[in-house]
Amino acid sequence: MDKILTVQHEALAAIENAADLETLNNVRIQYLGKKGSIQALMSEMKSLPKEEKPAFGQKVNVCKQEVTEALEARQAVLQEGALAEQLVREKIDITLPGDVKELGTTHPLLMIQQELEDLFLGMGYKVAEGPEVEQDYYNFELANIPKDHPARDMQDTFYIDPNTLLRTHTTAMQMRELEKAEGKTPIKLICPGKVYRRDDDDATHSHQFMQCEGLVVGEHITLADLKGTLEFMANRMFGEGRTIRFRPSYFPFTEPSVEVDVSCPFCNGKGCSVCKGSGWIEILGAGMVHPHVLEMNGFDPEKCTGFAFGVGLERVAMLKYGIDDIRNFYTNDARFLKMFDRFD
Ligand code: PHE
């Protein structure tokens, strides 16, 4: 019986002295574990005379219960302490200035692209896509520019192999769409995208730039439709009151072909430094889809006609935002790009 009390006192003292949860757990194993001291007392019961067994057993149970209760109480205290300590350790000073992550802004060229997409989607056009690594066939052949055609010199090309190139104009996407339509009209789409030409980069030239072309094919489509569409676009892109004019030009895939000028949005056509005194600014190339292009793509040029236009996005962005060097679009200077967050 004394032995039981000794174990009990020892255990309670050890529990009281346990300074942390780990020590306390060791104490629990030492006394209450399967090979612990209290279990050992239980086993000793076997060797006792029968009449002493109940009293002894009861005493061991009391001992076990007291030790268990003391353990639980101590555990609660220690856990609370540990939590309080953790709260102090992990305290966050919310008055300290945070690490502000710099957010990017929409790239000015993407802004122009999205503006054009909104404008033309609103008129029922669809937006087409196509590969930047293109076949000579779509970029040139189907666009009425066969090998050895002098017009190939207009677009100095990055060739990957004799039949594969980096597309030089978004016209390649138009050709894919025409072919896909299998002679069915109407077709009404725009195709924005990156294009590539071998060029020495300077303030107005870049070997990589962006275009957005439009294509409409159907019955009774005329040059007047083209003019109305482009005038609407000029007004939306450069402000109300813009007028446009056509000048004769040449593209192998359109006949007739025109160069399109918009009345200068800076001086309202009076003449200023931006329009070099002329009152007009050239913004794009356009024309009626060449009958041969329609034919090669499976359309009957006697039954349907179409117009096409192609605008350079850098040119539009430079005019709209007063940017004087095309390289700004591609050198990713954060200070330049940041200026456009007010348009986001
Ligand atoms: N593809 C021409 C270019 O890159 C632009 C254009 C498109 C002209 C459609 C007429 C019609 O210069």
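Note that the coordinates shown come from a computational prediction; the quantities given were computed from them, not determined experimentally.

(A) Structural detail: the sheet that holds strand β4 (residues 164-166). Strands sit in the order β2-β4-β3 across an open sheet of three strands; the sheet is antiparallel. Since the sheet does not close on itself, it has two edges, and those belong to β2 (133-135) and β3 (159-161), each with one partner. Neighbour-to-neighbour, the strand axes of the sheet open up by a mean angle of 35°, direction not taken into account.

(B) Fine view of the site of the ligand. Around the ligand lies a shell of 14 residues, among which H169, T171, R197, Q211 and E213 are the nearest. The separation between a nitrogen atom of the ligand and a polar side-chain atom of H169 is 3.2 Å. Relative to its unbound accessible area of 320 Å², the ligand is 92% covered by the protein chains. In a pocket analysis with a 2 Å cut-off to the grid points, the ligand is assigned to the largest pocket. Those elements giving two or more residues to the shell around the ligand turn out to be β6 (208-218), β9 (280-289) and β10 (305-312). Top element by residues in the shell around the ligand is β10. It accounts for three residues. For the shell around the ligand, a count of residues per class yields five nonpolar, seven polar and two charged.

(C) Structural view of the layout of surface pockets. Looking at the largest pocket, its volume works out to about 1300 Å³. Around the largest pocket, the lining is made up of 43 residues, and of these F209, E282, I283, G312 and R315 lie nearest the centre. At the level of secondary structure, the elements contributing two or more residues to the lining of the largest pocket comprise α7 (171-181), β6, β8 (254-263), β9, β10 and α10 (313-321). What the second largest pocket holds in volume is close to 280 Å³.

(D) Spotlight on empty space enclosed by the protein. Scanning the entire structure with this criterion turns up one cavity of 30 Å³ or more. Approximately 30 Å³ is the volume found for the largest cavity. Every residue along the wall of the largest cavity is listed here: I145, A151, M154, Q155, F251, P252 and F253. Partitioning the lining of the largest cavity into residue classes produces six nonpolar, one polar and no charged.

(E) A look at the sheet that holds strand β1 (residues 126-127). Strand order in the open sheet formed by seven strands is β1-β5-β6-β10-β9-β8-β7, with mixed pairing between adjacent strands. With one partner strand each, in any of the chains shown, β1 and β7 (244-251) form the two edges of the open sheet. Note: strand β5 (residues 187-196) against β6, ten bridges, orientation antiparallel. Within β6, the position partnered with L189 by the bridge is L215. Here helix α5 (residues 108-121) sits on the sheet and contacts β1, β5, β6 and β10; the angle it forms with β5, its principal contact strand, is near 170°.

(F) The arrangement of the pattern of salt bridges in detail. In total, this model carries 16 salt bridges according to the counting rule given. One network of salt bridges, in which partners are shared, links D136, E141, K147 and R152.

(G) Geometry of the confidence of the model for the protein chain. This prediction gives the protein chain a mean pLDDT of 93; 100% of its residues lie at or above 70. Least confident of the elements in the protein chain is helix α3 (residues 37-44), whose mean pLDDT is 87; most confident is β1, at 98.

(H) Structural view of the packing of helix α1 (residues 2-17) against helix α4 (residues 53-89). Viewed as axis vectors pointing N to C, α1 and α4 meet at an angle of 5°, and their least axial separation amounts to 10 Å. Taken together, the axes of α1 and α4 are roughly parallel relative to one another. Together, I4, Q8, A11, L12, I15 and E16 of α1 and F56, K59, V60, C63, E66, V67, A70, L71 and R74 of α4 make up the contact between the two elements. Residue composition of the contact of α1 with α4, grouped by class: ten nonpolar, one polar and four charged.

(I) Seen up close, a negative patch on the surface. Together, D153, D156, D199, D200, D201 and D202 give the surface a local cluster of negative charge. Looking at the secondary structure, you find D202 in the loop between β5 and β6. Overall, the relative accessible area of 31% leaves D202 in the partly exposed class.

Rules and cut-offs
Residues numbered from 1 in each chain as written. Predicted model: local features only at pLDDT ≥ 70, side-chain atom pairs only at ≥ 80, totals over all residues. Heavy atoms only, no water. Pairing = 2+ DSSP bridges. Helix = DSSP H or I, 4+ residues; strand = E, 2+ residues; numbered from the N terminus. Axes fitted to C-alpha atoms, helices over the stretch in contact; angles between N-to-C directions. Near = heavy atom within 4 Å. Polar contact = N/O pair within 3.5 Å; in protein donor to acceptor, adjacent residues only side chain to side chain. Areas by Shrake-Rupley, 256 points an atom, 1.4 Å probe, with all protein chains shown as cover. 1 Å grid on protein atoms, 1.4 Å probe; cavity = no way out; pocket = protein on both sides within 12 Å on 5 of 7 lines; lining within 4 Å. Sits in = over half its atoms within 2 Å of the grid points. Nonpolar A, V, L, I, M, F, W, Y, C, P; charged D, E, K, R; others polar. Points joined across faces, edges and corners; volume = space filled by probe spheres on them. Contact = heavy atoms within 4.5 Å. Salt bridge = Lys/Arg side-chain N within 4 Å of Asp/Glu carboxyl O. pLDDT = per-residue confidence, 0-100. Parallel < 35°, antiparallel > 145°, perpendicular 65-115°, else oblique. Patch = residues over 30% accessible without salt bridge, like charges linked within 9 Å, V, L, I, M, F, W, Y side chains within 5 Å. Lys, Arg positive; Asp, Glu negative; His and termini not counted. Charge placed at Lys NZ, Arg CZ, Asp CG, Glu CD. Buried < 20%, exposed > 50% of the residue type's maximum accessible area, 1.4 Å probe, protein only.

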